[in-house]
Amino acid sequence: MRTSQYILATLKETPSDAEIVSHQLMLRAGMIRRVASGLYTWLPSGLRVLKKVENIVREEMDKAGAIEMLMPIIQPADLWEESGRWEQFGPELLRINDRHNRPFALGPTHEEVITDFVRKEVSSYKQLPLTLYQVQTKVRDEVRPRFGVMRAREFTMKDAYSFHLSDECLEKTYQVMHTAYCNIFERLGLDYRPVIADTGSIGGSVSHEFHVLAESGEDAIAFSDASDYAANIEKAEALAPTDARPAATKELKAFPTPDAKTIAELKEHYGVKPHRGVKTLIVYGAPDENEQRGLVALIVRGDHELNELKAEKHPLVDSPLEMAKEEDIVAAIGAKPGSLGPVGLNMPIIVDRTANVMADFVAGANKDGEHFSGINWDRDVENYEVADIRNIVEGDPSPCGQGTLQIKRGIEVGHIFQLGTKYSEAMKAGVLSESGKNQIMTMGCYGIGVSRIVAAAIEQNNDEYGIKWPQPIAPFDLAIVPMNMHKSHRIPDIANNLYDGLKAQGIDVLFDDRKERPGVMFNDMELLGVPYTLVIGERNLDENKVELKNRRTGEKLMLDLDTAIAEIAALVKG
RNA sequence: CGGCGAUUAGCGCAGUUUGGUAGCGCACUUGGUUUGGGUCCAAGGGGUCGCAGGUUCAAAUCCUGCAUCGCCGACCA
């Protein structure tokens, strides 16, 4: 490609609404432009990267035995009603009506369509197991799109679905896909981790997320410092403390706290250290046989956070978890939030494991402007349950039994699930088994955020000059930058010959043939992150040399003009 | 969905307090100059100042409504 016939579209200034470095650099390097909130046009340079990522994903999927197909973005509402997700999905599912006023959804994912396809086309156990995939545009009407293509409303995703007769067979394919995912992120040249994850709205049992590690990541991941255990923070178990609860030494005593409604204020005005008190959170309980929801109290140590996901999995708690409204709390307890505690509380109480080993602690007195000190479990609070309902914190023991936990941030770029029969059962997707009986298939699903990988790769590979692409996904392998070509007799011929020769070697070359000053060209190529720059100037031609610069290492190599093509080809492809 | 802020040329911004003919830098066009790391000089093109209404002799500027975009929050009692 010649820059004179290309649209480089680099910017000197950073558009003001770009927050994180990948978004800024994608705009500045001329990869994307915003069309509306969360909607982007991919410019040629951006598309080149996107395609390279896509192709690596494709090659590894094919190697893993998955078969590519393509499903529509627009999907009929009936399929979503069948799976129950038409109601369940919420406003993130973008819904449209056609000219006959029939309802459709723009697909945020394709479980319904693929399950419908397979139940119609696959009828015998002999056709299983089967893994199908596509690389396609997904639509999710995000509450808050941000960070450019990182959280866009329209994005490119690779989604694969596997179908099996048994859970054992599903587990086998799941492992194959897990390995394929690791291969993909290795080939992309990214620092990543597979982590144990929650299954969320997609459903199912076993699940792993693949995270690219980056400070700007939206997810927190807990790692063991002594094993390869890694889990999404929302999923990491907080083990029960090994220390036994100390004996009670203090009497239960009320004290006035008119200025304290929060743990922080309690510390500031009354000197109560957060880890010596507990937080009492009131949520709605699971509905009873009359569909009535009572209240449930959740208690965690003052310096800990409630883990919503863990709490809503408790049978007493309604799912999804919902914090009680203030008027319901006042009606049931007689005190407002800020003065609540477990003593004399007339509702089910769930106590976090760590809060359960506290003695002589502080909590609200269930009377506005009053707290108790010297509270002790069993003596002052009799009926309660103990469960793991808090987020882990750095330094907690690892659930794997080895080492302590550390927390890092990551960008979720892949997520794989053992779905089980959630969709196949709802949509009656079965095949005839060996014994001639209809049997519901068990399913797996495997997603990779292709466009998000592009942004994540930049988060991990940039410097003050711009992007530093890993070779396999760079928009171009090499840029030819001639010095003052229009003033030279021999440079145009030599540059053109090198350009043709390198292209013939299958190398993606960007030939900067603009009539620009050298500095402009160097800056643009560095911003765009092209891994190698081949500089052709009179100075070195006198010795029959050209200069090859490595974007990542800054290393400069002087190449002999006659052997340059072969040497570059070996470097780029090796 | 709640709070805050922004909206003036393709991009980055000033002008709004105190109403009086729309500005700067970058980018773009033309000519010259320069040429191994974002040259310099000169001349140009480009705007219904987000939209609608109001006040006024006069509105980018004041008032009202709306839209769009962004940030923060959406359990932390």
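Named according to an unreviewed UniProt entry, chain A is Proline--tRNA ligase originating from Pseudoalteromonas lipolytica. As its UniProt record puts it under Subcellular location (unreviewed entry), chain A is described as follows: "Cytoplasm". Chain A has a UniProt comment under Catalytic activity (unreviewed entry) that states "tRNA(Pro) + L-proline + ATP = L-prolyl-tRNA(Pro) + AMP + diphosphate".

Engineer: Can you tell me about the overall build of chain A, naming the residues and giving the values?
Structural biologist: Within chain A, the secondary structure is distributed over 15 helices and 30 strands. Across its three principal directions, the C-alpha atoms of chain A cover 95 × 70 × 50 Å. For chain A, with 574 residues in total, the buried portion stands at 52%. Considering only residue pairs separated by 6 or more positions, chain A has 68% of its internal contacts joining residues 24 or more positions apart. For chain A, the accessible area works out to roughly 26,300 Å², and carbon and sulfur atoms hold 48% of it. Of the charged side chains in chain A, 66 are positive and 87 negative; the average position of the first set lies 4 Å away from that of the second.

Engineer: Run through the packing of helix 2 (residues 44–63) against helix 6 (residues 167–188), naming residues and quoting values.
Structural biologist: With their axes 9 Å apart at the nearest point, helix 2 and helix 6 run at an angle of 150 degrees to one another. Judged by the twist between their axes, the crossing of helix 2 over helix 6 is right-handed. Taken together, the residues of helix 6 that come into contact with helix 2 (itself represented by Val 53, Ile 56, Val 57, Glu 59, Glu 60, Met 61 and Lys 63) are Met 177, Ala 180, Tyr 181, Asn 183, Ile 184, Arg 187 and Leu 188. For the contact of helix 2 with helix 6, the class distribution of residues is 9 nonpolar, 1 polar and 4 charged.

Engineer: So what's going on with the packing of aromatic side chains? Which residues, and what values?
Structural biologist: Applying the stated criterion across every chain yields a total of 11 aromatic pairs. For the ring pair Trp 80 and Phe 89, a centre distance of 5.6 Å and an interplane angle of 85 degrees mean the geometry is edge-to-face. In terms of burial, Trp 80 and Phe 89 fall into one category: buried. Ring centres of Tyr 181 and Phe 210 lie 5.2 Å apart, and the angle between their planes is 50 degrees; on these two criteria the pair is classed as tilted. On the criterion of sequence distance, the pair formed by Tyr 181 in helix 6 and Phe 210 in strand 10 (residues 207–213) is long-range, its members being 29 residues apart. Side by side, Tyr 181 and Phe 210 carry an identical accessibility label, which is buried. Here the aromatic cluster, defined as three or more aromatic residues joined through ring pairs, consists of Tyr 181, Phe 185, Tyr 192 and Phe 210. It is Arg 95 that lies over the ring of Trp 86; its NZ or CZ is 4.6 Å from the centre. Note that Arg 293 overlies the ring of Tyr 284, its terminal NZ or CZ placed 4.3 Å from the centroid.

Engineer: Describe the pairing of strand 26 (residues 478–482), with residues and values.
Structural biologist: Each regular strand carries side chains that alternate between the two faces of the sheet. For strand 26, a buried count of 5 out of 5 residues is recorded, marking the element as mostly surrounded by other parts of the structure. Every second residue of strand 26 is oriented toward a common face, with Leu 478, Ile 480 and Pro 482 on one face and Ala 479 and Val 481 on the other, all of them buried. Bridging between strand 26 and strand 27 (residues 509–511) involves 3 bridges; their strand directions are parallel. The residue of strand 27 that forms the bridge with Ile 480 is Phe 511. Viewed along the sheet, the connection from strand 26 through helix 12 (residues 490–504) into strand 27 turns out right-handed. Both strand 26 and strand 28 (residues 532–536) contribute to a ladder of 5 bridges, which runs parallel. Paired with Pro 482 across the bridge in strand 28 is Ile 536.

Conventions adopted
Residues numbered from 1 in each chain as written. Chains lettered and ligands numbered in written order. Predicted model: local features only at pLDDT ≥ 70, side-chain atom pairs only at ≥ 80, totals over all residues. Heavy atoms only, no water. UniProt positions renumbered as here; feature names shortened; annotations may be inferred. Helix = DSSP H or I, 4+ residues; strand = E, 2+ residues; numbered from the N terminus. Buried < 20%, exposed > 50% of the residue type's maximum accessible area, 1.4 Å probe, protein only. Contact = heavy atoms within 4.5 Å. Areas by Shrake-Rupley, 256 points an atom, 1.4 Å probe, with all protein chains shown as cover. Lys, Arg positive; Asp, Glu negative; His and termini not counted. Charge placed at Lys NZ, Arg CZ, Asp CG, Glu CD. Axes fitted to C-alpha atoms, helices over the stretch in contact; angles between N-to-C directions. Left-handed = near helix turned anticlockwise from the far one by under 90°. Nonpolar A, V, L, I, M, F, W, Y, C, P; charged D, E, K, R; others polar. Phe/Tyr/Trp six-rings, centres within 6.5 Å; stacked < 30°, edge-to-face > 60°. Lys NZ or Arg CZ within 6 Å of the ring centre and 35° of its normal. Pairing = 2+ DSSP bridges. Right-handed = clockwise from strand over helix to strand, strands pointing away.

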